[in-house]
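The chain contents come next:
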Amino acid sequence: MAALFGTRRPSGTSLLGLFFVLLLIIWLIVNLVKTPNDFFTVLLIGITTGSVYALIALGYTLVYGILQLINFAHGDVFALSGLFSSTIILSVLGLDENTSALGIIGGLALALVIIVAFGAVVNTTIEFVAYRRLRQAPRLAVLITAVGMSFIVQNVSLAVFDVNFRSLPPLIPESNVFKIGSVTYQWNQLFAVLATIPVLLLLSWLVRSTKQGKGMRAVSQEPDAAAIMGVNVNRTISFTFALAGALAGVGGLLYLIEFNIRYDTGFELGLIAFTAAVLGGIGNLSGAVLGALIIGLIQAFNEGLSWAAPGSDWTRSIVFGLLIGILVFRPEGLLGERTPEGA
Amino acid sequence: MTTSPQDGALLTVEKVHTYYGSIEALKGITIEVHEGEIVTLIGANGAGKSTMLRSINGLNHPRRGSIVFRGKDITREPPHDVVRLGISQSPEGRKLFPRMSVLENLEMGAFQRRDRSELRSDLERVYALFPRLSERKQQRAGTLSGGEQQMVAIGRALMAHPKLLLLDEPSMGLAPIFVERVFETIVEINQQGTTILLVEQNAMMALDVASRGYVLETGTVALADDAKALLRNEQVRKTYLGETD
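What you see is a predicted model; the values in this text were computed from it and never measured.

Visitor: Even after reading the chapter, I still don't get the overall build of chain A, so can you show me in this structure?
Guide: Of regular secondary structure, chain A possesses 12 helices and two strands. Seen in sequence order, chain A has helices and strands lined up from the N terminus as α-α-α-α-α-β-β-α-α-α-α-α-α-α. Compactness check: chain A gives a C-alpha radius of gyration of 20 Å against a globular reference of 20 Å for 343 residues, within 12% of the reference. The C-alpha extent of chain A, read off along each of the three principal axes, is 60 × 60 × 35 Å.

Written as structure tokens, this is what we have:
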């Protein structure tokens, strides 16, 4: 964590930063000693929430990497996907807690496939309709358009799914995967982590090892050069939005399994995920995952620990305070690089 | 539009008008490149040299006029199709992919190619031209020196196995010793059978290796002649070769 305040900074601020990190560590240790059971339970919750955040944060970072655009509509695509999954699961597939285990697994797998396609199509359409025409426009114009798209998607969600929260019956048993002392970990929590890991591996393989992924990296580093090497830039951008949308879809479904969701859930969650992406270093895929896990943990520790924890009323202030802190002390994020372009 | 190559012209650019926003950067330029030649475009900053290349490679389509390559009209072709037809470029300022390795950059040059088997021999050819790159293939392109970056930029363009190679200011910002090397390499590539359209500020060196040259001035062709004749031309000597009577 000390790397958060790099050595290139004046010693005054880095000392201040180190001091805060030190305080945080002491706070965690005291809590660990006082209430070890709470500590580990909360740790597991943090990892679970963090993996859902990671899916959304990756969408921000992928799109930022290729267009240098903060796609504010991303969180709303996530919420819309979550709402749509509830319709698929409850109304179309008709799953409930009495469905056989095989039926639930098959049904969720099918819902996952549908929602991945749905998220990809919605996100690609947003890019095609709203952002593509602004390729040559000043950045601010695109940014404002993204804010506008966020409201539009949110209102579509409101119009189609009304103001009520949607949630699922406990499809995945809330029985314990393991129980050590009074530390428990439930199947529905593990499910989120288990579903996230293969998605992350698949994404990493796509970006690192496929031709399309290589094209993406090329466009993000030097778009004109990529074009004259033979990369179809528009198609690559569409592909990136499709990937981001698919991740938002998976995130929406997993979030729905854990929590409840309504038309405006994506707004705040999107901002949290965006903070995670910035914390890790926007444009950096591993950074987005790391940032999301850290924010998931911060949130869980803050809300779950008993000794001197500010409590859930303060979660937002802490998360967005962190955002300001990063932008001031280390704008390139934990894993980001300082590039000559200032990205 | 012309569809048959006239007297063996590989590339025919006819009365091309290209705009940057509302500014007319090319005002009806006509040039021709024949198979096997090195043709150079020289001229001051802002004369339209780079715009000419951007018109050919599809990054900035002309509003009027036509560009025909090997008998095919490519005036409105998008850049990723232009490279597939056989035109590749080392762009001005090199524009490498800084966070990719040297090898990955070279592979990017072959992005459109399907003939995987020949890639190996093309890579060997690039390493033979620039042995330095073979030593540095795993290094990130952004950490190379200017001269080495220029080698990668030219090597990357060669990996497309082009019929026509566009070079935009390959000597810019390089130490004199590297400039010599770059021009030697240009001649070598040409002798291996690649036609070259070379944009240069270093008019002396460019005319030295070229067979023909065009002098551009504010978006028009001011002079077109054999390179040797241009080297002797008094106006060229004064304006571009820095000669004072």
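Here the narrative resumes, following the displayed structure.
Visitor: Can you help me understand the overall build of chain B in this one?
Guide: Each helix and strand in chain B was counted, giving 10 helices and 10 strands. Each of the three principal axes of chain B carries a C-alpha extent, and together these read 45 × 45 × 35 Å. Burial analysis of chain B (245 residues in total) assigns 55% to the buried set. Across chain B, the fraction of contacts at a sequence separation of at least 24, relative to all contacts at a separation of at least 6, is 66%.

Visitor: What should I look at first to understand the packing of helix α2 (residues 36-67) of chain A against helix α11 (residues 285-304) of chain A in this one?
Guide: Axes are the key here: two packed helices are described by the angle between their axes and the distance separating the axes. All names here are of chain A. Where α2 contacts α11, the two axes come as close as 6 Å, and the packing angle between them is 140 degrees. α2 and α11 meet at a crossing whose hand is right-handed. Counted by class, the contact of α2 with α11 contains 19 nonpolar, eight polar and no charged residues.

Visitor: For this particular structure, what's the right way to read the domain arrangement of chain B?
Guide: The accessible area lost on association of the parts is a frequent measure of interface size. Residues and elements named next belong to chain B. Domain annotation of chain B identifies domain 1 (1-86 + 162-245) and domain 2 (93-161). Between domain 1 and domain 2, the C-alpha centre-to-centre distance is 23 Å. Across the contact, 19 residues belong to domain 1 and 15 residues belong to domain 2. Both sides of the domain 1 and domain 2 interface together cover about 1500 Å² of buried area, and 65% of this is carbon and sulfur. It is P162, F178 and I189 in domain 1 that bury the most area against domain 2; as a group they hold 29% of the surface buried on that side. Applying the counting criterion to the domain 1 and domain 2 interface returns zero salt bridges. Broken down by secondary-structure element, the contributors of at least two residues to the side of domain 1 that touches domain 2 are α2 (79-85), β7 (164-168) and α7 (176-191). Ranked by the residues each element gives to the side of domain 1 that touches domain 2, the list is headed by α7, at six residues. Its residues placed into classes, the side of domain 1 that touches domain 2 shows 10 nonpolar, four polar and five charged.

Visitor: I tried to follow the interface of chain B and chain A on my own but got confused; where do I start?
Guide: Listed as interface residues are 25 residues of chain B and, on the opposing side, 19 residues of chain A. Counting across the interface, chain B meets chain A through three salt bridges. Our count for the chain B to chain A interface comes out at eight residue pairs in polar contact (both at pLDDT 80 or more). At the level of elements, α1 (49-57), α2 and α3 (102-109) of chain B are the ones that each hand at least two residues to the side of chain B that touches chain A. Among the elements that line the side of chain B that touches chain A, the one with the most residues is α3(B), at four residues. Counted by class, the side of chain B that touches chain A contains 10 nonpolar, five polar and 10 charged residues.

Visitor: Sorry, what's going on with the sheet that holds strand β6 (residues 87-90) of chain B here?
Guide: Two strands in a sheet stick together by hydrogen bonds in their backbones, pointing the same way (parallel) or opposite ways (antiparallel). Residues and elements named next belong to chain B. Read across the open sheet, the six strands follow the order β6-β7-β8-β3-β9-β10; overall the sheet is mixed. Lying at the two open borders of the sheet, with one neighbouring strand each, are β6 and β10 (220-226). Sheet twist, expressed as the average angle between the axes of neighbouring strands with direction ignored, equals 20 degrees. Direction of pairing for strand β3 (residues 38-43) relative to strand β8 (residues 195-200): parallel, over a ladder of five bridges. Bridge pairing in β8 places V39 opposite L197. Strand contacts of helix α6 (residues 146-158): β6 and β7, with the helix running at about 175 degrees to β6, the strand carrying the most contacts.

Visitor: Would you explain helix α5 (residues 139-161) of chain A in this entry?
Guide: Residues separated by three or four positions in an α-helix point in the same direction, a consequence of the helix having 3.6 residues per turn. All names here are of chain A. In this model α5 runs 33 Å from its N-terminal to its C-terminal C-alpha over 23 residues, within 8% of the 33 Å that 1.5 Å per residue would give. Buried residues of α5: V142, A146, M149, S150, V153, Q154, S157 and F161, and no others. Where α5 is buried, its residues contact α3 (74-92), α4 (101-131) and α10 (265-280). A positive phi of about 50 degrees marks D162, the residue just after α5.

Visitor: I keep staring at helix α4 (residues 116-129) of chain B and nothing clicks. Help me out?
Guide: Residue and element names in this part refer to chain B. The terminal C-alpha atoms of α4, which comprises 14 residues, lie 21 Å apart, in line with the 20 Å expected from a rise of 1.5 Å per residue. For α4, the set of buried residues is L119, D122, L123, R125, V126, Y127 and L129. The inward-facing, buried residues of α4 contact α3, α5 (131-135), α6 and α7.

Visitor: Before we go on, may I ask you to explain the packing of aromatic side chains in this structure?
Guide: Aromatic ring pairs are defined here through the distance separating the ring centres and the angle between the ring planes. Residues and elements named next belong to chain A. Taken as a whole and assessed by the stated rule, the structure comprises 10 aromatic pairs over all chains. Ring centres of F39 and F40 lie 5.6 Å apart, and the angle between their planes is 85 degrees; this geometry places the pair in the edge-to-face category. For F39, a relative accessible area of 11% gives the class buried. Centre to centre, the rings of Y60 and F274 are 5.8 Å apart; their planes meet at 55 degrees, and the pair counts as tilted.

Visitor: Would you mind going over the sheet that holds strand β2 (residues 23-34) of chain B with me for this structure?
Guide: All names here are of chain B. Reading across from one edge, β2-β1-β4-β5 is the order of the four strands in this open sheet, with antiparallel pairing throughout. The open sheet terminates on both sides in strands that have one partner only, identified here as β2 and β5 (72-73). Across nine bridges, the pairing between strand β1 (residues 9-20) and β2 is antiparallel. If you follow Y19 over to β2, its bridge partner there is E24. Lying on the sheet, α1 is in contact with β1, β2 and β4 (64-69); it crosses β1 at an angle near 110 degrees.

Visitor: Quick question: what am I supposed to make of the side chain of T195(B) here?
Guide: Residue and element names in this part refer to chain B. Of note, T195 is situated in strand β8. Only 2.8 Å separates the side chain of T195 from the backbone nitrogen of G36, close enough to count as a polar contact. Those residues within four positions of T195 in sequence are excluded, and the remaining contacts are L10, V33, H34, E35, G36, E37, K163, L164, L165 and N190.

Rules behind the numbers
Residues numbered from 1 in each chain as written. Chains lettered and ligands numbered in written order. Predicted model: local features only at pLDDT ≥ 70, side-chain atom pairs only at ≥ 80, totals over all residues. Heavy atoms only, no water. Helix = DSSP H or I, 4+ residues; strand = E, 2+ residues; numbered from the N terminus. Rg over C-alpha atoms; globule rule 2.2 N^0.38 Å. Buried < 20%, exposed > 50% of the residue type's maximum accessible area, 1.4 Å probe, protein only. Contact = heavy atoms within 4.5 Å. Axes fitted to C-alpha atoms, helices over the stretch in contact; angles between N-to-C directions. Left-handed = near helix turned anticlockwise from the far one by under 90°. Nonpolar A, V, L, I, M, F, W, Y, C, P; charged D, E, K, R; others polar. Domains from an automatic or database assignment. Buried area = accessible area lost by both parts, 1.4 Å probe. Salt bridge = Lys/Arg side-chain N within 4 Å of Asp/Glu carboxyl O. Polar contact = N/O pair within 3.5 Å; in protein donor to acceptor, adjacent residues only side chain to side chain. Pairing = 2+ DSSP bridges. Expected span 1.5 Å × (residues − 1). Phe/Tyr/Trp six-rings, centres within 6.5 Å; stacked < 30°, edge-to-face > 60°.

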